[in-house]
Each structure stands twice: as C-alpha cells, then as structure tokens.
Amino acid sequence: MLGPPGAGKGTQAERLARAIGIPHLSTGDMLRTNVANDTDLGRQAKAFMEAGDLVPDELVTAMVIDRLAQDDAACGYLLDGYPRNPAQAQSLVDAFGEEVLELALLLEVDPDELVQRLVLRGQEQGRSDDTEAVIRNRLAVYEEQTAPLVEYYESAGRLARVEGLGTIPEIFGRLIEVLAA
Ligand code: ADP
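Owing to the predicted nature of the structure, the values given are computational and were not obtained by experimental measurement.

Conventions and cut-offs
- Residues numbered from 1 in each chain as written.
- Predicted model: local features only at pLDDT ≥ 70, side-chain atom pairs only at ≥ 80, totals over all residues.
- Heavy atoms only, no water.
- Patch = residues over 30% accessible without salt bridge, like charges linked within 9 Å, V, L, I, M, F, W, Y side chains within 5 Å.
- Areas by Shrake-Rupley, 256 points an atom, 1.4 Å probe, with all protein chains shown as cover.
- Salt bridge = Lys/Arg side-chain N within 4 Å of Asp/Glu carboxyl O.
- Helix = DSSP H or I, 4+ residues; strand = E, 2+ residues; numbered from the N terminus.
- Core = buried A, V, L, I, M, F, W, Y, C linked by side-chain atoms within 4.5 Å.
- Buried < 20%, exposed > 50% of the residue type's maximum accessible area, 1.4 Å probe, protein only.
- Contact = heavy atoms within 4.5 Å.
- Lys, Arg positive; Asp, Glu negative; His and termini not counted.
- Polar contact = N/O pair within 3.5 Å; in protein donor to acceptor, adjacent residues only side chain to side chain.

J.: I tried to follow a nonpolar patch on the surface on my own but got confused; where do I start?
T.: A contiguous nonpolar patch, built from Ile20, Leu103 and Leu179 and spanning about 230 Å² of accessible area, is present on the exposed surface. Topologically, Leu179 is positioned in helix α9 (residues 168–180).

Here it is as structure tokens:
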C-alpha cells in the first residue's frame, strides 16, 4: 500500500487485510510499538519519527525481513509503509526475490487535503508526529524519497491507482474492485 501520509493507508490496509485474511504489516505501527516498549530499536528510531524523517533503512529493513519470515506471513501479507524509498524496495527483492510484492496499491489524495486531515488526526489521536511542521516535513520526505517508487512499480507493471477521496467504505470498495480485476 503506497501513498502520502494522511491518504488513509492505515485505515484501508487494516480493513483490506482483514477482508482477505492476511496479516496487515504496518512499519509505522511496528516502530511505534517499539518506541512505546522502549526497545533498542525504539530508542534508535524515536528522534527520526518525531522529526518526520525516515528511520535509517538498515533498522527498518531488518525489522521487516524478520516479520515477513514469520509463519503467519507465509500465505501473503499487506505491507503498509514499506518500502518507502528505492533502496528499501531493492532490499526486499534481495531478501525474498522479485515476486516479493505482487501489486502496489497507490492511494491518491490531493496534497491540500492531506495537511488538513493530518492536523485533525493529531488533535483526535494525539500522535506526536501529527503537528503542522512535522507533517510538512513528512509530506516533503514522501515527495522526495517515496514518490519515485510510483514510477518504479508502474514500469514493472505492478501499480494500481485508487482515488483516495471519499468515505472510508467508498474507498474500500474501490480497492476491492481493483483487487478483483
Ligand atoms: P505516515 O505514513 O502517516 O507518515 P507511518 O505510520 O507510516 O505514518 O510512519 C510514521 C513514521 O515511522 C515515519 O514518519 C517514519 O519516521 C517511520 N517509518 C515508517 N515506515 C518506515 C520505513 N519504511 N522506513 C523508514 N521510516 C519509516
């Protein structure tokens, strides 16, 4: 699942994974759990997350490779938040082969809408990286580092675009349609 911060990836990925019966693997959630439990990884990741920067590739990639090797991922998974740059995409292929990701689902949302949504979420959920300055940095990081993956998966014939504007059930319906096709 690919898309800018605030596109609704987490919400949709969770519903989609449940509907299909595969695990929803969110690197953001995994990292936040590590921070909350004050693990070594959490301590190393915390400052990057609070600034809205990417956590260094080697830390996140090791975490994802470990997670994908667990039994419940043997019959498929929905990855949310990874890969986030071309180097991470390459690491996945190096570890598991070209077939590691069957399809990239891109949730597309107008950039003006994103800041508004994220500020609102920050107020509702108290996520410490949902303040306006950090949000702007996360969007810039997405444009610079993650957006090139759109072309990468498109040229590999593995990209599906889904309009991310609408109600949660509407967008969910579009995702299901794309998968069915
Ligand atoms: P969002 O997509 O809304 O920014 P996430 O929950 O996906 O939220 O990510 C929150 C933060 O976790 C990111 O800003 C980044 O610091 C870190 N993070 C998550 N996934 C990765 C990744 N694949 N590589 C590096 N950092 C990551």
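That shown, we press on.
J.: Is there a simple way to think about the nonpolar core in this case?
T.: Generally speaking, soluble globular proteins have nonpolar side chains that are buried together. Leu31, Leu92 and Tyr153 are the most contacted members of the largest nonpolar core, which totals 27 residues. Taken together, the elements giving at least two residues each to this core come down to α2 (27–36), α3 (40–51), α4 (57–68), α5 (86–96), β3 (104–108) and α8 (148–155). Per-element accounting of this core gives the leading share, five residues, to α4. With sequence-adjacent residues up to four places away left out, Leu31 is seen in contact with Leu41, Ala45, Met49, Val55, Val60 and Met63. By size, the runner-up hydrophobic cluster in this structure holds 19 residues, among which are Ala7, Val109, Ile135 and Phe172.

J.: Would you explain the side chain of Lys9 in this entry?
T.: Mapped onto the secondary structure, Lys9 falls in helix α1 (residues 9–20). Buried and unpaired, Lys9 has Asp80 as its nearest opposite-charge partner, separated by 5.1 Å. A polar contact is formed between the side chain of Lys9 and the backbone oxygen of Pro4, at a distance of 3.4 Å. When neighbours within four sequence positions are excluded, Lys9 is seen to be in contact with Met1, Leu2, Gly3, Pro4, Asp80 and Leu107.

As far as function goes, none of this settles anything; it's purely spatial.
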